[in-house]
Amino acid sequence: MFKNFIYYALALLLTLPMMGSVSAANGTLLVVGDSIDWGYDGGSPGVPPGTQTGWATSYAGALNLDVNMLAVPGYTALEVNVLELPDALKMIAANPGNHWVVTYGAGGNEVLRLITTKAFYQLCMADPARLTKSCLHRINALISQLATYNDRAVKMLRDAVGPNGTILVRTYPVATFASQCSSIPFPGADALAYLVFEGTEGFGGAVSGINLPGDVMVDGLNDNLRQVAAKYNATLVDIFPYFTPANPYLNSMVGEDCLHPNILGYQFITNAFLQSYP
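Cut-offs and rules
Residues numbered from 1 in each chain as written. Predicted model: local features only at pLDDT ≥ 70, side-chain atom pairs only at ≥ 80, totals over all residues. Heavy atoms only, no water. Helix = DSSP H or I, 4+ residues; strand = E, 2+ residues; numbered from the N terminus. Buried < 20%, exposed > 50% of the residue type's maximum accessible area, 1.4 Å probe, protein only. Contact = heavy atoms within 4.5 Å. Axes fitted to C-alpha atoms, helices over the stretch in contact; angles between N-to-C directions. Parallel < 35°, antiparallel > 145°, perpendicular 65-115°, else oblique. Nonpolar A, V, L, I, M, F, W, Y, C, P; charged D, E, K, R; others polar. Phe/Tyr/Trp six-rings, centres within 6.5 Å; stacked < 30°, edge-to-face > 60°. Pairing = 2+ DSSP bridges. Disulfide = S-S within 2.5 Å. Polar contact = N/O pair within 3.5 Å; in protein donor to acceptor, adjacent residues only side chain to side chain. Core = buried A, V, L, I, M, F, W, Y, C linked by side-chain atoms within 4.5 Å.

1. Notes on the overall build of the protein
Then comes step 1: Looking only at helices and strands, the protein features eleven helices and five strands.
Then comes step 2: The 278 residues of the protein split such that 53% are buried.
Then comes step 3: Long-range contacts, defined as pairs at least 24 residues apart, comprise 76% of the intrachain contacts of the protein with a sequence gap of at least 6.

Written out as structure tokens, the structure is:
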């Protein structure tokens, strides 16, 4: 009971200073994406996995924005493009004078479906000390496909809100950096997750004991989202650094499912959004 009290007290303390530091604005927060945006809780003390907690309501409240939630847990980048994006564009077109704050993130479900399959694990970890070239080529093929979807979506959102409209593009957290999740579902899951989300740059410093072939480079999904944000003059909300071992609260920020943040993790994400915009 006391541990739960400390947990929620920390989450509240993270929220209070943010609420007082942001000027009020009227308009609508339009949320396009997947479970990270919907607020799928991976399991918090007293909160079962799948509960909607998240960052959007707290963030919108701090900015005095209404929330229009289009994000759907489990959606791929293709589904976000085909099923969510048309609705977002219609809403913006129907109310062009509104102050829209549009958030976007997609591709994480394709990544997770790849790295949690036994066949991919066996392809990559045939040599436990060195990832195979075939593994890196498979990652590059997936990220190239996701880059097409993400570029298309953010370009269309930029065209809809105009050159001065507000678009926030977020990166993904990597839950497997939490010590209790590093070998789920397979030993080396933390290495594969880092590689697919963050690419080969910095890999050696982040993951010890596993080497890479030196002649194949990988850009991760988060790299792509950063590039798309810069290309279309969107504000980057870089969630990833909050979910690394440099954060002493990391192990308390990841849900029981080892995939999604919990209440505390989403408070850090709210903080990332508030520090990025306005």
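So that's the structure; there's more coming.
2. Re the packing of helix H4 (residues 77-94) against helix H7 (residues 133-161)
Then comes step 1: Two elements in contact, H4 and H7, have axes whose closest approach is 10 Å; the angle formed by their N-to-C orientations is 0°. With respect to H7, the axis of H4 lies roughly parallel. Residues Ala77, Leu78, Asn81, Leu85, Ala88, Leu89 and Ile92 of H4 touch H7, and the partners they reach there are Leu146, Tyr149, Asn150, Arg152, Ala153, Met156, Leu157, Ala160 and Val161.
Then comes step 2: Of the residues that constitute the contact of H4 with H7, the class distribution is 13 nonpolar, two polar and one charged.

3. With respect to the packing of aromatic side chains
Then comes step 1: By the definition in use, this model includes eleven aromatic pairs.
Then comes step 2: Look at Tyr172 and Phe197: their rings are 5.7 Å apart centre to centre, the planes differ by 40°, and that puts the pair in the tilted class. Within this pair, whereas Tyr172 is found in the loop between strand S4 (166-170) and helix H8 (189-198), its partner Phe197 is found in helix H8, the two being separated by 25 residues in sequence.
Then comes step 3: Tyr172 gets classed as buried once you look at its relative accessible area, which sits at 4%.

4. Re the pairing of strand S3 (residues 100-104)
Then comes step 1: Burial analysis of S3 places five of its five residues in the buried class, which makes it a mostly covered element.
Then comes step 2: In this sheet, S3 lies alongside strand S1 (residues 28-32) in parallel orientation, the contact comprising five bridges. Directly across from Val32, in S3, lies its bridge partner Tyr104.

5. As for the environment of Lys118
Then comes step 1: You can see Lys118 is positioned in helix H6 (residues 118-124).
Then comes step 2: Here Lys118 falls in the exposed class, since its relative accessible area comes to 53%.
Then comes step 3: For the pair Lys118 and Pro185, spaced 67 residues apart in sequence, the C-alpha to C-alpha distance is 8.9 Å.

6. Some thoughts on the state of the cysteines
Then comes step 1: According to the stated counting rule, one finds two disulfides in the structure shown.
Then comes step 2: A disulfide bridge connects Cys124 with Cys135, and the sulfur atoms are separated by 2.0 Å. Measuring handedness by torsion sign, the sulfur bridge of Cys124 and Cys135 sits at about 80° and is right-handed. You can see Cys124 sitting in helix H6 and its partner Cys135 sitting in helix H7, a full eleven residues away along the chain.
Then comes step 3: The exposure class of Cys124 is buried, given its relative accessible area of 0%.

7. Overview of the side chain of Thr28
Then comes step 1: Take Thr28: it is sitting in strand S1.
Then comes step 2: Its relative accessible area of 12% is what places Thr28 among the buried residues.
Then comes step 3: At 2.9 Å, the side chain of Thr28 and the side chain of Asn98 are in polar contact.
Then comes step 4: Residues within four places of Thr28 in sequence aside, it is in contact with Leu65, Asp66, Asn68, Asn98, His99, Trp100 and Val101.

8. Looking at the pairing of S4
Then comes step 1: Counted residue by residue, S4 has five buried out of five residues, so it is predominantly covered.
Then comes step 2: Neither face of S4 is exposed, since Thr166, Leu168 and Arg170 on one face and Ile167 and Val169 on the opposite face are all buried.
Then comes step 3: Judged from the four bridges that link them, S3 and S4 form a sheet pairing that is parallel. Counterpart to Tyr104 in the pairing with S4 is Val169.
Then comes step 4: Where S4 lies against strand S5 (residues 235-237), three bridges are found, and the strand directions are parallel. Each residue of the ladder has a partner; that of Arg170, found in S5, is Val237.

9. Let's talk about the nonpolar core
Then comes step 1: Within the largest apolar cluster, 89 residues are counted, with the highest numbers of intra-cluster contacts made by Leu29, Trp55, Tyr59, Tyr104, Leu131 and Ile139.
Then comes step 2: Apart from residues lying up to four places away in sequence, Tyr104 is in contact with Val32, Val80, Asn81, Tyr149, Asn150, Ala153, Val154, Leu157, Leu168, Val169, Arg170 and Leu225.

10. Observations concerning unusual backbone geometry
Then comes step 1: A cis amide bond links Ile184 with the next residue in sequence, Pro185, at an omega value of 5°.
Then comes step 2: Along the polypeptide, Pro185 turns up in the loop between S4 and H8.
Then comes step 3: For the bond from Tyr277 to Pro278, the omega torsion is 5°, close enough to zero to count as cis.
Then comes step 4: Considering the arrangement of structural elements, one finds Pro278 in the segment after helix H11 (263-276).
Then comes step 5: The backbone of Asn64 sits at a positive phi, close to 55°, despite the residue not being glycine.
Then comes step 6: Of note, Asn64 is situated in the loop between helix H3 (56-63) and strand S2 (66-69).
Then comes step 7: Within the chain, Asn233 stands out as a residue other than glycine whose phi angle is a positive 55°.
Then comes step 8: Structurally, the position occupied by Asn233 is in the loop between helix H10 (221-231) and S5.
Then comes step 9: Residue Asn233 is classed as exposed on the basis of its relative accessible area, which comes to 57%.

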